[in-house]
Structure formats: structure tokens, C-alpha cells
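Observations on chain architecture
Take a look at the letters that make up each chain.
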Amino acid sequence: MRDDIFLKKNDLVDFTFDASVANVFDDMVRRSVPGYQSMIEMIGLMVKTYGQNNTNYYDLGASTGATAIALGINNPHKNNHIIAVDNSIEMTKKCVKNMTHKIENFEVICADIEDIAIQNASMVVLNLTLQFIKPEQRQSLINTIYQGLNKGGVLILSDKIHFNDVQKQTETTKLHLDFKRANGYSELEIAAKRQSIENVLITDNEQTHFERFKTAGFSQSFCHFQCLNFAAFLAIK
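Bear in mind that the values here come from a model prediction, so they are computed numbers and not experimental data.

**Structural notes on the pattern of salt bridges**
By the definition in use, this model includes eight salt bridges. K93 is the partner of E90 in a salt bridge, and the nearest nitrogen-oxygen pair spans 3.9 Å. Here E90 pairs with K93, and both are found in helix α5 (residues 89-99), just three residues apart, close to one helical turn. Its relative accessible area of 26% is what places E90 among the partly exposed residues. A relative accessible area of 51% places K93 in the exposed class. D204 serves as the salt-bridge partner of R212, at 2.9 Å between the closest nitrogen and oxygen. This pair shows no difference in class: R212 is buried, exactly as D204 is. Via salt bridges that share partners, D27, R30 and R31 belong to a single interconnected network.

Next comes the structure, spelled out in C-alpha cells:
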């Protein structure tokens, strides 16, 4: 379904992943996030390199299941269990529907990702998820993920980021708005969504992500993909 939520809403409240968003989420993210499809494809590539036999793969903030499906259909390893977690019941319903008959050996859990015990993991993915967690709780979540990863396991994290350089931030924001316009969003929709999400989606800069990885104990981390103000990081235990 096409995302026209912010053409219809007359009362602007903070953005939530309710039924109306779940129904159009795949269209929304494709038209709002530059490089989104490449992020998913890279996750499918990395499971071939970093996945391990007899381990769990976690998709934290699974939304409609695109990441979990990429993990499943590209996985060459044996005896893996894919665990997709989201705190929106509407998203988990869509996730189950999308994953069924596409991949095997999975479960979908409706819960806060901060309440999930990460165990025997070789792959953990936070795809456009950490930005919705309260900033003061983010380090604790990264620490929990690190502790639940096996040696050689990886965290793949993608998020919207901001830049300390004012000119770079201004120009990148302009290009992101142009991206949305090119994908059919009106000025009204762009302005309405920005107002709705500004208190919900809180960005970090690149250095903050690297500092969190180091604090948690990851031996190596780097940005493996970036398109405008969206970046994806790989952290290796």
C-alpha cells in the first residue's frame, strides 16, 4: 500500500508504529530512506561471511521482516534460528505474514528489544532501530548485544545520523528532502512527518556510534555503507 498517512492526518501527534503505519511501512521506508534496499542487501551478504553454524540470528526492531528475511534466504550455514523482535503488535503481525513460506526456523516476538536476552548469537541486526531508543539507554543495549554474541559474531547497525559540521548537515538535509520529493512526497507530507517524528527519532553522530562499540568491547567497527544522512556500521566481537 502507498504511504499517504500524512495527507490524511489532521491532528499531529508523536509518530507511532500503529496499524496505519504497519500497512504502508514498506512503501514509507523505501521512499524515505536513501539506500534502504542496499542496506538490506548488505545484511544478506554479511550473513554469508559472519554467520556461524548452530547459532541464533537476531533482528531487533524487525518491523515487517525485511531484515529477517534477508538473513534467512541468504544464509548458507546450518542449524540457525532467526529471532525477530518488535514492540508493535501490528508490525509483528505483518512480520509473521511476510516471513511465512519464505524462510524456515524463525520466531517473531512482540516485546521491547531491551527486554530480550541475547544468547548464542553470531548475527544481531539493529536496522533503523537504535534511533528510536532513548539516548541514555542505548549504551546498555549495545552492551547486552555484545555480551550475547559469540566470538567473531557481529552487530550490524544502521541509523539516521547527524553531522557536527553545520554546512554539511544543512546540505545533506536539503538532499534528503529532495530525495523525498523525488519519491512523490508533497511539502505538506514532509513537514507533517517531520513534526510528528522529531521527538521520537533522535539521531547520533558517527563518532558516538563508534564510542559505544568501543565501550561495549567490540574489537573492530567501521561504517560499511552510507547514503546521505543514513549510515550502516559493522561491529565485530
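After that view of the structure, there is still more to cover.
**Section: the UniProt feature "binding site: S-adenosyl-L-methionine" (unreviewed entry) in the protein chain**
The sites that UniProt annotates as "binding site: S-adenosyl-L-methionine" (unreviewed entry) are Y36, G61, A62, S63, D86, N87, D112, I113, N127 and R194. Spanning 159 residues, the annotated positions stay apart in the fold, the maximum distance between their C-alpha atoms being 24.9 Å. Relative to the helices and strands, D112 resides in the loop between β3 (106-110) and β4 (121-127). Since its relative accessible area comes to 37%, D112 is described here as partly exposed. Separated by 3.3 Å, the side chains of D112 and N87 make a polar contact. Tracing the sequence through the fold places N127 in strand β4. Judged by relative accessible area, N127 falls into the buried class, the value being 9%. When neighbours within four sequence positions are excluded, N127 is seen to be in contact with Y36, M39, I40, I43, L60, G61, T67 and S158. Only 3.2 Å separates the side chain of N127 from the side chain of T67, close enough to count as a polar contact.

**Points about the pairing of strand β2 (residues 81-86)**
Most of β2 is tucked away: six of the six residues are buried. Along β2, one buried face is formed by H81, I83 and V85 and the opposite face, lined by I82, A84 and D86, is buried too. Bridge count for strand β1 (residues 56-60) against β2 is five bridges, and the pairing is parallel. Bridging from a neighbouring strand, D59 pairs with A84 of β2.

**Side note on the sheet that holds β1**
The seven strands lie next to each other as β3-β2-β1-β4-β5-β7-β6, forming an open sheet whose pairing is mixed. Of all the strands in the sheet, just β3 and β6 (220-227) have a single pairing partner and so form its edges. Going from strand to strand, the sheet's axes swing by 15° on average, the running direction of each strand aside. Across the sheet, helix α6 (residues 135-148) is in contact with β1, β4 and β5 (149-160); its angle to β5 comes to roughly 150°.

**With respect to the nonpolar core**
One finds L60, V124, L126, I142, I145, L155 and F218 to be the most contacted residues of the largest nonpolar core, which totals 28 residues. Every element with two or more residues in this core is listed here: β1, β2, β4, α6, β5, α9 (206-216) and β7 (230-236). Examining the composition of this core, we find that four residues originate from one element, α6, more than from any other. F6, A22, M28 and V33 belong to the second-largest nonpolar core, a separate cluster that totals 25 residues.

**Looking at the environment of A62**
With respect to the helices and strands, the residue A62 is situated in the loop between β1 and α4 (66-73). Each C-alpha atom, one on A62 and one on I109, is 9.4 Å from the other, the two residues being 47 residues apart in sequence. Excluding residues within four positions of it along the chain, A62 makes contact with A84, V85, D86 and C95.

**A short note on the UniProt feature "domain: Methyltransferase" (unreviewed entry) in the protein chain**
Within the UniProt annotation, "domain: Methyltransferase" (unreviewed entry) is assigned to residues 59-153. Secondary structure across residues 59-153 comprises 35% helix and 26% strand; the distance between its end C-alpha atoms is 14 Å.

**Structural notes on the state of the cysteines**
With the rule as written, the count across this model stands at zero disulfides. This cysteine, C95, is not joined by any disulfide, and C110 carries the nearest cysteine sulfur, 11 Å off.

**Let's talk about the pairing of β3**
In this sheet, β3 lies alongside β2 in parallel orientation, the contact comprising five bridges. Note that in β3 the partner of D86 across the bridge is C110. Once you follow β2 into α5 and on to β3, the crossover reads as right-handed.

Rules used in this analysis
In every chain, residue numbers begin from 1 and rise along the written sequence. In view of the model being predicted, local features appear only for residues whose pLDDT reaches at least 70, and side-chain atom pairs are presented and counted only at 80 or more, with totals across whole chains, interfaces and linings using the full set of residues. To get the side-chain values, take all heavy atoms of the structure and skip hydrogens and water. In the sections that follow, a salt bridge refers to a side-chain nitrogen of Lys or Arg positioned within 4 Å of a carboxyl oxygen of Asp or Glu. Here a strand is any run of E in DSSP of at least two residues, a helix any run of H or I of at least four, and the numbering for each starts at the N terminus. Burial classification: accessible surface area is computed with a 1.4 Å probe over protein chains only, and a residue below 20% of its type maximum counts as buried, one above 50% as exposed, and the rest as partly exposed. UniProt positions are given in the numbering used here, feature names are shortened, and annotations may be inferred rather than shown by experiment. In protein, a polar contact requires one atom able to donate a hydrogen and another able to accept it; more generally it is a pair of N or O atoms within 3.5 Å, and residues adjacent in sequence count only if both atoms are side-chain atoms. Here, residues are in contact when the closest pair of their heavy atoms is within 4.5 Å. Strand pairing is assigned whenever DSSP detects at least two bridges linking the two strands. Axes here mean lines fitted to C-alpha atoms, for a helix over just the part in contact, with angles spanning 0 to 180 degrees between N-to-C directions. To define a nonpolar core, start from buried Ala, Val, Leu, Ile, Met, Phe, Trp, Tyr and Cys residues and group those joined through side-chain atoms within 4.5 Å. For the purposes of this analysis, a disulfide is any pair of cysteine sulfur atoms at a distance within 2.5 Å. Look down the strands so they point away from you; if the path from the first strand over the helix to the second goes clockwise, the crossover is right-handed.

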